[in-house]
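Examining the three-dimensional arrangement
As a plain string of letters, each chain reads:
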Amino acid sequence: MAANANPFDVLPVNLFNLFATLGYASLQRHYMAILLRLYTLAEFNRHGLTRESVIAEIVDYLKTEQAEAEVAAAMAVDSGAERAADPDPQPATTQKPEHEYAAFLLRRLAETGWIDREQTADYTELITLPDYAFTLLEALRVIQEQKPREFKGQLYTAHQLLTSSRGKDFSPALALTQAYENVRQVVRGLNELNQNIRRYIERATRGRDAAELLRLQFDDYSQT
């Protein structure tokens, strides 16, 4: 049986270098927040995002989070390294500072492989996300949202797939495959919960006093 391919064999070699921010640790969270914003925009967009819309989204984030100074500091370090490698002076730009910051971040996203940049026949630049970026960012969004597991719905779906009436378009192989996937997700979720139950309890009880915890417990168990 052939061994499974190592994910790092198909990912860009410097994909995670984006988060090596040379002492500017807060840039890591800014990069991640921007990527999640772009993922939300691109999720149901079939044609790609225009460069202008992406720049506007990054500028909005930087202003909301007041992150311009941190990006400016990172740009200064990056520019210093470029001048050391190429001492010829570069022409001054006429962009607003916040657009320069956004362009710098966009370039870093492209260099590390988190986004692709394409140019159409009318010279419009489009920003798209590679397939692996969609997969990774979906997992990161699940971590961000911390939604409760829907075990009951997954088990109900599996039960319906295996016991529903057989129509002319019924495919036993497809029904079994989908039922297996739903059960697998339930088992995986229960194993995850079992291994992390202390962390879940800490998160559920954080910031609540004993009286509130007792009231919550009473409300739950009184219904049971």
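Above this note sits the structure.
These notes cover the structure that comes with them.

Conventions and cut-offs
Per chain, residue numbering runs from 1 following the sequence as it is written. Restriction of local features to residues with pLDDT of at least 70 applies here, the model being predicted, together with a cutoff of 80 or more for giving and counting side-chain atom pairs; totals for whole chains, interfaces and linings are based on all residues. To obtain the side-chain values, all non-hydrogen atoms of the structure were used and water was disregarded. In short, DSSP must find at least two bridges between two strands for them to pair. Numbering of helices and strands runs from the N terminus, with a helix taken as a DSSP run of H or I at least four residues long and a strand as a DSSP run of E at least two residues long. Put simply, a salt bridge is a Lys or Arg side-chain nitrogen that is within 4 Å of an Asp or Glu carboxyl oxygen. The cut-offs for exposure are 20% and 50% of the maximum accessible area for each residue type, with area from a 1.4 Å probe on protein chains only; residues under the lower value are buried, those over the upper are exposed, and the others partly exposed. A helix is expected to span 1.5 Å multiplied by its residue count minus one. Directions pointing from the helix axis toward each C-beta atom define the arc. Any two residues having at least one pair of non-hydrogen atoms within 4.5 Å are treated as being in contact. To define a nonpolar core, start from buried Ala, Val, Leu, Ile, Met, Phe, Trp, Tyr and Cys residues and group those joined through side-chain atoms within 4.5 Å.

Let us now look at the sheet that holds strand β2 (residues 116-119). The strand order β1-β3-β2 describes an open sheet built from three strands, whose pairing is antiparallel. The two strands at the open ends of the sheet, each matched to only one other strand, are β1 (49-50) and β2. Bridge analysis of β2 against strand β3 (residues 125-128) gives four bridges, and the strand direction is antiparallel. Residue pairing in the sheet places D116 in a bridge with T128 of β3.

For the coordinates displayed, the defined rule picks out 10 salt bridges. For the salt bridge of R198 with E202, the shortest nitrogen-to-oxygen distance reads 3.1 Å. With R198 and E202 both in helix α8 (residues 197-205), this residue pair falls four residues apart, about one helical turn. The partly exposed category is assigned to E202, whose relative accessible area is 39%.

Helix length check: helix α6 (residues 151-163) (13 residues) gives 18 Å between terminal C-alpha atoms against 18 Å at 1.5 Å per residue, within 8%. Of the positions making up α6, those classed as buried are F151, Q154, A158 and L161. Burial along α6 is one-sided: seen end-on, the buried residues are contained in an arc of 100°. Facing away from the buried side of α6 by more than 90 degrees, the exposed set consists of K152 and Y156. Summarising the contacts, the buried residues of α6 are in contact with α7 (172-195).

Glancing now at the pairing of β3. Direction of pairing for β1 relative to β3: antiparallel, over a ladder of two bridges. The residue of β3 that forms the bridge with L49 is I127. Hairpin connection from β2 to β3: five residues lie between these consecutive antiparallel strands, with Y123 at a positive phi of about 70°.

Counting residues in hydrophobic clusters, the biggest one holds 38 residues, and the most contacted among them are L109 and W114. If you list the elements that add at least two residues to this core, you get α1 (26-42), α2 (51-65), α3 (68-85), α4 (97-111) and α5 (131-145). The element contributing the most residues to this core is α1, with nine residues. The residues contacting L109, other than those within four sequence positions of it, are L18, Y31, I34, L35, L38, W114 and I115.

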